[in-house]
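# What the coordinates show
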Amino acid sequence: EDQVTQSPEALRLQEGESSSLNCSYTVSGLRGLFWYRQDPGKGPEFLFTLYSAGEEKEKERLKATLTKKESFLHITAPKPEDSATYLCAVRPDSWGKLQFGAGTQVVVTP
Amino acid sequence: DAGVTQSPTHLIKTRGQQVTLRCSPKSGHDTVSWYQQALGQGPQFIFQYYEEEERQRGNFPDRFSGHQFPNYSSELNVNALLLGDSALYLCASSPRGASTDTQYFGPGTRLTVL
C-alpha cells in the first residue's frame, strides 16, 4: 500500500537556526513528489515538484531534495514568516491523485 | 490572474442534511480535484474530474458525488451528512488534463456538521 510519512510532527526553531524536514514514501511507481506550505485555515500553497532521484529545487530559504525513498526540505536561516505546516505529497500513478503525509508544523521564534 | 476560488467559505449543517460546495479552477486549467482535510491531518483525495467525467476516485462512500461543468467549474455534493464529515474541503486545479502537472489549491470550505 502506498504510504507517505513525515517527520518530525512538529519543529520549533529559533530565527536563523537551520533544520531539515523529512518525507519518506513507499509507492509502487512515483510520478512526482510535491511540497506544499499551509497556513492555518488556508489551502496548501505550492512550493516544489521533484520527479527523479538526485533532483534539487530551491526557493529563497527553502531547498528540496529527492532520493529513491525520501525527500528532504531544508530550511536555511529561517524567519518567523516561515512558520507554517509543510506538507509532502506523492503522485503514485499516472492519474491525478495526490497522497499526502500528515505534515510537519514548523514554528520559528524571533 | 485569479487563482482557484471556492464557495462558501464556511458552512454549518446538521446530521442527515445535504451540502453542495463549489469550485472555480485557475484560468487555463481544466482538471479539478477534491480533497478532504480533517484537523491535524493531510488532505485525503476524494475524486478528480476531467472533461466533465470522474477520472479517478479515492476511498470515499457514494454519499460523496461531484460534477464538472463545461466551463470547468465543479461541485462537490455530500448527502446524509455525518459528524465525521466535518472538515476543510479543498479544491485543486491543474492544466490541460496532464497527469504530471502541479495541482494548485483553493482556500477551502470549512464544513461543520452538528
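Figured I'd write up the structure that's included with this text. Predicted model, so just to flag it, every value in this text is computed and none were measured. (Residues numbered from 1 in each chain as written. Chains lettered and ligands numbered in written order. Predicted model: local features only at pLDDT ≥ 70, side-chain atom pairs only at ≥ 80, totals over all residues. Heavy atoms only, no water.)

## Here's the deal with the nonpolar core
- Ranked by size, the top nonpolar core spans 22 residues in total, and within it Leu33(A), Trp35(A), Leu73(A), Tyr86(A) and Val106(A) carry the most contacts.
- Listed by contribution, the elements that provide at least two residues to this core are β2 (10-14), β3 (19-26), β4 (33-38), β5 (45-50), β7 (62-66), β8 (70-75), β9 (84-90) and β11 (104-109) of chain A.
- In terms of residues, this core owes the most to one element, β9(A), which gives 4 residues.
- Residues contacting Leu73(A), with those up to four places away along its chain left out, are Ser19(A), Ser20(A), Leu21(A), Trp35(A), Phe48(A), Leu62(A), Lys63(A), Ala64(A) and Tyr86(A).
- Core analysis: the next-biggest nonpolar cluster, separate from the first, contains 20 residues, Leu11(B), Cys23(B), Ile46(B) and Phe47(B) among them. (Core = buried A, V, L, I, M, F, W, Y, C linked by side-chain atoms within 4.5 Å. Buried < 20%, exposed > 50% of the residue type's maximum accessible area, 1.4 Å probe, protein only. Helix = DSSP H or I, 4+ residues; strand = E, 2+ residues; numbered from the N terminus. Contact = heavy atoms within 4.5 Å.)

## Notes on the packing of aromatic side chains
Residue and element names in this part refer to chain B.
- Scanning the entire structure with this criterion turns up 10 aromatic pairs over all chains.
- Taken together, a centroid distance of 5.4 Å and an interplanar angle of 50 degrees make the contact between Tyr35 and Phe105 tilted. Residue Tyr35 is found in strand β4 (residues 29-37), and its partner Phe105 is found in strand β10 (residues 104-105); the two are separated by 70 residues along the sequence.
- Accessibility expressed as a relative area gives 0% for Tyr35, which makes it buried. (Phe/Tyr/Trp six-rings, centres within 6.5 Å; stacked < 30°, edge-to-face > 60°.)

## Section: the sheet that holds strand β7 (residues 64-68) of chain B
Residues and elements named next belong to chain B.
- The sheet built from 4 strands is open, its strands ordered β1-β3-β8-β7 with antiparallel pairing. Strand pairing shows two members of the sheet lacking a second neighbour, β1 (5-7) and β7, which therefore form its edges. Across the sheet, the mean angle separating the axes of adjacent strands is 20 degrees when strand polarity is ignored.
- As paired elements, β7 and strand β8 (residues 74-78) share 5 bridges and run antiparallel to each other. Paired with Gly66 across the two strands is Leu76, which belongs to β8. (Pairing = 2+ DSSP bridges. Axes fitted to C-alpha atoms, helices over the stretch in contact; angles between N-to-C directions.)

## Some thoughts on the state of the cysteines
- The tally for this structure, following the rule as stated, stands at 2 disulfides over all chains.
- In this model Cys23(A) forms its disulfide with Cys88(A); the gap between the sulfur atoms is 1.9 Å. Residues Cys23(A) and Cys88(A) are joined through a disulfide that is left-handed, its torsion about the S-S bond being -60 degrees. You can see Cys23(A) sitting in strand β3 and its partner Cys88(A) sitting in strand β9, a full 65 residues away along the chain.
- Accessibility expressed as a relative area gives 0% for Cys23(A), which makes it buried.
- One disulfide bridge connects Cys23(B) with Cys91(B), the sulfur atoms lying 1.8 Å from each other. Measuring handedness by torsion sign, the sulfur bridge of Cys23(B) and Cys91(B) sits at about -55 degrees and is left-handed. Of this pair, Cys23(B) sits in strand β3 (residues 19-24) while Cys91(B) sits in strand β9 (residues 87-95); the two residues are 68 residues apart in sequence, bridging distant segments of the chain. (Disulfide = S-S within 2.5 Å.)

## With respect to the interface of chain B and chain A
- Counting residues at the interface gives 21 residues for chain B and 21 residues for chain A.
- Between chain B and chain A, a total of about 1,700 Å² is buried, with carbon and sulfur atoms accounting for 53% of that surface.
- Between the two partners, chain B and chain A, sit 0 salt bridges.
- Viewed at the interface, chain A and chain B are joined by 5 residue pairs in polar contact (both at pLDDT 80 or more).
- Of all the secondary structure elements, the ones that give two or more residues to the side of chain B that touches chain A are β4, β5 (44-50), β6 (53-57), β9 and β10 of chain B.
- Of the residues belonging to the side of chain B that touches chain A, the class tally is 8 nonpolar, 11 polar and 2 charged. (Buried area = accessible area lost by both parts, 1.4 Å probe. Salt bridge = Lys/Arg side-chain N within 4 Å of Asp/Glu carboxyl O. Polar contact = N/O pair within 3.5 Å; in protein donor to acceptor, adjacent residues only side chain to side chain. Nonpolar A, V, L, I, M, F, W, Y, C, P; charged D, E, K, R; others polar.)

Nothing here speaks to function; it is all geometry.
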